[in-house]
Amino acid sequence: MPSFHLPPHRIVLLLIGLVIIGLMAINMRWDWIPAYRADILAGLRLTLVLLVTTSVAGFLLAVPLGLAQAAGPRPLAWLARGYCTLIRGTPLLLQLWLLYYGLGSLFPYLPGLRDSWLWPYLSEPWLYAFLALTLSFAGYEGEIMRGAFARVPKGELEAARSLGMHPLTTLRRIWLPRAVRRVLPTLNGELIIQLKATPLVATIAAVDMYAVFGRIRQETYIVYEPLLLMALLYLVLAGLITLAFHAVESRRSH
Amino acid sequence: MVNYRDMSIGELLALTPPGWGGALLNGLSLSLQVAGGGYLLGLLIGVAGAAGKLSGGPVTRDLLTCYTTIIRAVPELVLILMIYFGFPLALNQLLTTLGFGRVEVSAFAAGIVVIGLVQGAYATEVIRGAIRAIPRGQLEAAYAMGMSSFLTFRRITIPAMLPGAIPGLSNLWLIATKDTALLAVVGFTELTLASRQAAGATKHYLLFLGIAGLLYLFVSFISNRLFRTLERRVTPGERHA
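This is a predicted model, so every value here is computed, not measured.

**Q** So what about the overall build of chain A? Which residues, and what values?
**A** For chain A, the count of helices and strands is 10 helices and 0 strands. Starting at the N terminus, the α and β elements of chain A follow one another as α-α-α-α-α-α-α-α-α-α. Against the globule reference of 18 Å for 254 residues, chain A gives a C-alpha radius of gyration of 23 Å, more extended than a compact globule. Across its three principal axes, chain A shows a C-alpha extent of roughly 70 × 70 × 30 Å.

Next up, the structure:
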């Protein structure tokens with residue numbers, strides 16, 4: 001039986017924390033929550049969708065980016081490295097605005113685009129939000145994948161080759177799984193960083209959780225309470241991501 | 001109204017109005033100042049936090065863990081709003097209870113506090129890791145020689161931890177320069193917001209946002225070189241290599 005023992009100073013700290021939370025619950029205004037519950041949940045859902053889709057798409061992009069840098073022909077390696085430097089060297093907010101305002105300002109000049117079926121999608125902020133977050137995740141993760149690919153022991157790859165394995169089979173069966181296993185522990189932190197990057201999309205009028213709370217603050221003139229609840233929700237999300245990773249880790253080690 | 005449509009790129013980027021080059025450089029300088037101030041504040045918090053985490057009492061350690069966990073899990077954009085609106089209020093409440101008059105907190109000062117608090121949480125972990133990597137024998141030897149703990153910290157701990165801490169600290173500086181862009185959401189005219197204002201006024205979005213990107217890349221390129229030189233300087237045994 002694992003015993004759960006709380007040292008006395010933690011009990012005191014917890015009590016102080018509970019008192020502070022209790023005082024906040026009584027003295028601050030929370031009556032706006034029921035009216036905005038549906039909006040907050042919708043924003044939360046969109047934040048989660050954005051987090052999951054951009055992380056998956058970004059990771060899929062990061063694999064070729066890492067592979068090209070670790071083992072690709074020189075021009076390809078340079079291109080991949082240049083991409084990662086570009087992404088990692090500039091703020092995500094700037095990349096987002098560059099895509100949304102910059103690319104968006106070019107599209108009207110393309111003949112025929114305005115009448116095509118693509119147009120309604122191209123004027124949708126979600127498309128640019130998805131694109132910018134995916135490209136950014138790929139840039140940071142590509143750099144990590146490069147290291148992971150390079151650190152797979154050479155002997156294993158040589159063994160596969162000496163068995164007559166096709167290079168693609170080697171990649172699929174040995175190189176990629178070994179590299180991915182290596183980056184799994186770092187993915188926890190990367191996912192939390194990606195979660196913290198999602199509110200930026202509110203600046204191009206995509207309505208995620210951050211934007212919903214921004215609207216609440218504008219409509220109710222309440223300054224702090226929505227901010228506190230929003231911070232708490234992000235904290236819980238980050239905690240859940242970490243818990244999920246711990247669960248996967250402990251299942252694997254058994 | 002200035003007619004931006006017929007201006008050449010050179011005229012658009014001219015340092016004096018109607019060109020927007022001066023506004024961009026002004027934004028860059030503001031970005032670097034806030035990043036620099038925040039970074040220094042973050043280093044101070046980081047050294048104090050690492051010292052507290054390594055040799056503080058159980059209460060100090062728990063409170064510091066709360067600080068680093070919360071700061072690292074809540075989006076910077078949310079923290080900026082909270083500190084930007086909360087910090088002046090808290091400061092003025094403190095000042096009025098102490099009997100002083102109210103002060104105006106500028107966007108600039110609030111920006112430095114925000115970046116500093118965020119950087120402090122990460123710097124605490126970087127410096128703590130670097131200090132823990134120092135062989136215990138070195139510190140014990142210093143105590144055995146009769147050095148006071150402050151002298152040990154200054155003469156042994158700091159020089160011995162720097163080679164291990166500098167890669168992390170250089171990464172933090174790059175994060176600080178990029179995090180200043182987030183101050184755009186509270187209307188602080190740093191480089192990103194300046195470039196967007198220029199782009200919005202002239203309708204040359206790709207040009208101005210692209211130039212801002214190049215300026216950020218330039219800053220990170222120069223910073224990388226400086227930190228690499230610094231790392232070579234503080235790593236013992238490689239100075240003369």
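**Q** A description of the packing of aromatic side chains should follow, citing residues and the corresponding values.
**A** This model, assessed by the stated rule, comprises 9 aromatic pairs over all chains. An angle of 80° between the planes, with centres 6.0 Å apart, marks the rings of Tyr84(B) and Phe85(B) as edge-to-face. Looking at Tyr84(B), the relative accessible area reads 16%, which means it is buried. Judged by its relative accessible area of 34%, Phe85(B) is partly exposed. Between Phe108(B) and Phe188(B), the aromatic rings sit 6.4 Å apart at their centres with planes inclined by 50°, giving tilted as the arrangement. Placement of the pair is Phe108(B) in helix H5 (residues 107-132) and Phe188(B) in the loop between helix H7 (149-179) and helix H8 (191-202), with a sequence separation of 80 residues. Relative accessible area serves as the criterion here: at 28%, Phe108(B) is assigned to the partly exposed category. Every member of this aromatic cluster is reached through a ring pair, and the members are Trp97(A), Tyr100(A), Tyr101(A), Tyr128(A) and Tyr205(B). Between the NZ or CZ atom of Arg196(B) and the centre of the ring of Trp97(A), over which it lies, the distance is 4.6 Å.

**Q** Help me get a handle on the interface of chain B and chain A, residues and values and all.
**A** One frequently used descriptor of interface size is the decrease in accessible area upon assembly of the parts. Facing 38 residues of chain B, the contacting portion of chain A comprises 36 residues. Counting each side, the surface lost to burial between chain B and chain A is near 3,100 Å², with a carbon and sulfur contribution of 77%. Our count for the chain B to chain A interface comes out at 2 salt bridges. Between the two partners, chain B and chain A, sit 9 residue pairs in polar contact (both at pLDDT 80 or more). Looking at the side of chain B that touches chain A, the elements with two or more residues in it are helix H3 (58-73), helix H4 (76-97), H8 and helix H9 (205-234) of chain B. The element best represented in the side of chain B that touches chain A is H9(B), accounting for 9 residues. Taken together, the residues of the side of chain B that touches chain A break down into 26 nonpolar, 6 polar and 6 charged.

**Q** Can you break down the UniProt feature "domain: ABC transmembrane type-1" (unreviewed entry) in chain B residue by residue, with the values?
**A** Residues annotated by UniProt as "domain: ABC transmembrane type-1" (unreviewed entry) correspond here to residues 24-227 of chain B. Overall, residues 24-227 of chain B shows 84% helix and 0% strand. The separation of its end C-alpha atoms is 25 Å.

**Q** So, the UniProt feature "domain: ABC transmembrane type-1" (unreviewed entry) in chain A: which residues are in play, and what are the values?
**A** Sequence positions flagged by UniProt for "domain: ABC transmembrane type-1" (unreviewed entry) are, in local numbering, residues 44-245 of chain A. Annotated as residues 44-245 of chain A, this span is 80% helix and 0% strand, and its ends, taken at the C-alpha atoms, are 21 Å apart.

**Q** Which residues make up the nonpolar core, and what are the values?
**A** What tends to happen in soluble globular proteins is that the nonpolar side chains get buried as a cluster. Of all hydrophobic cores here, the largest spans 120 residues; its most connected members are Trp32(A), Ile40(A), Trp97(A), Met145(A) and Phe213(A). Broken down by element, the residue count for this core peaks at 11 residues, all from H5(B).

**Q** Give me H3(B): which residues, what numbers.
**A** For H3(B), built from 16 residues, the straight-helix expectation of 22 Å at 1.5 Å per residue is met to within 8% by its first-to-last C-alpha distance of 22 Å. Turning to H3(B), its buried residues are Asp62(B), Leu64(B), Thr68(B), Ile71(B) and Ala73(B).

**Q** Residue-level account of the packing of helix H2 (residues 33-71) of chain A against helix H8 (residues 167-197) of chain A, with values.
**A** A packed helix pair is summarised by two numbers, namely the angle formed by the two axes and the spacing between the axes. All names here are of chain A. At their nearest, the axes of H2 and H8 sit 10 Å apart, and the two run at 135° to each other. Judged by the inter-axis angle, H2 sits oblique to H8. The two elements H2 and H8 meet at a crossing, and its hand is right-handed. Seen from H2, the contacting residues are Thr47, Leu51, Thr54, Ser55, Phe59, Val63, Leu67 and Ala71; seen from H8, they are Leu171, Trp175, Leu176, Val180, Val183, Leu187, Leu191, Gln194 and Leu195. When its residues are assigned to classes, the contact of H2 with H8 shows 13 nonpolar, 4 polar and no charged.

**Q** Please give an account of the UniProt feature "transmembrane region" (unreviewed entry) in chain A that cites residues and values.
**A** Residues and elements named next belong to chain A. According to UniProt, the positions carrying the feature "transmembrane region" (unreviewed entry) are residues 12-30, 42-68, 89-110, 125-142, 197-216 and 228-248. Between the end C-alpha atoms of residues 12-30 the distance is 27 Å, and the span holds 84% helix and 0% strand. Across residues 89-110, helical content stands at 73% and strand content at 0%; the span's end C-alpha atoms are separated by 30 Å.

**Q** Could you give an account of unusual backbone geometry, with specific residues and numbers?
**A** Phi at Tyr221(A) takes a positive value of approximately 60°, unusual for a residue other than glycine. Residue position: Tyr221(A) is located in the loop between helix H9 (209-220) and helix H10 (225-253). Even without a glycine there, the phi angle at Lys203(B) is positive, about 65°. Here Lys203(B) lies in the loop between H8 and H9. Given the relative accessible area of 57%, Lys203(B) is considered exposed.

**Q** Can you lay out the side chain of Gln69(A) for me, pointing to particular residues and giving the numbers?
**A** Along the chain, Gln69(A) falls in helix H2. If near-sequence neighbours (up to four positions away) are discounted, Gln69(A) is found in contact with Ala77(A), Ala80(A), Arg81(A), Cys84(A), Gly142(A), Glu143(A) and Arg146(A).

**Q** Describe the environment of Met7(B), and please don't skip the residues or the numbers.
**A** Residues and elements named next belong to chain B. Among the secondary structure elements, Met7 is positioned in the segment before helix H1 (9-12). Taking the C-alpha atoms as reference, Met7 lies 51 Å from Tyr67; in sequence the two are 60 residues apart. Discounting chain neighbours no more than four positions away, the residues touching Met7 are Val2, Leu12 and Pro18.

**Q** Before we move on, can you summarise the UniProt feature "transmembrane region" (unreviewed entry) in chain B with the specific residues and values?
**A** Residues and elements named next belong to chain B. In the numbering adopted here, UniProt assigns the feature "transmembrane region" (unreviewed entry) to residues 30-52, 64-87, 107-131, 143-166 and 205-223. Secondary structure content for residues 64-87 is 92% helix and 0% strand, while the C-alpha to C-alpha distance between its ends is 19 Å. Along residues 107-131 one finds 100% helix and 0% strand; the C-alpha atoms at either end are 35 Å apart.

What counts as what
Residues numbered from 1 in each chain as written. Chains lettered and ligands numbered in written order. Predicted model: local features only at pLDDT ≥ 70, side-chain atom pairs only at ≥ 80, totals over all residues. Heavy atoms only, no water. Helix = DSSP H or I, 4+ residues; strand = E, 2+ residues; numbered from the N terminus. Rg over C-alpha atoms; globule rule 2.2 N^0.38 Å. Phe/Tyr/Trp six-rings, centres within 6.5 Å; stacked < 30°, edge-to-face > 60°. Buried < 20%, exposed > 50% of the residue type's maximum accessible area, 1.4 Å probe, protein only. Lys NZ or Arg CZ within 6 Å of the ring centre and 35° of its normal. Contact = heavy atoms within 4.5 Å. Buried area = accessible area lost by both parts, 1.4 Å probe. Salt bridge = Lys/Arg side-chain N within 4 Å of Asp/Glu carboxyl O. Polar contact = N/O pair within 3.5 Å; in protein donor to acceptor, adjacent residues only side chain to side chain. Nonpolar A, V, L, I, M, F, W, Y, C, P; charged D, E, K, R; others polar. UniProt positions renumbered as here; feature names shortened; annotations may be inferred. Core = buried A, V, L, I, M, F, W, Y, C linked by side-chain atoms within 4.5 Å. Expected span 1.5 Å × (residues − 1). Axes fitted to C-alpha atoms, helices over the stretch in contact; angles between N-to-C directions. Parallel < 35°, antiparallel > 145°, perpendicular 65-115°, else oblique. Left-handed = near helix turned anticlockwise from the far one by under 90°.

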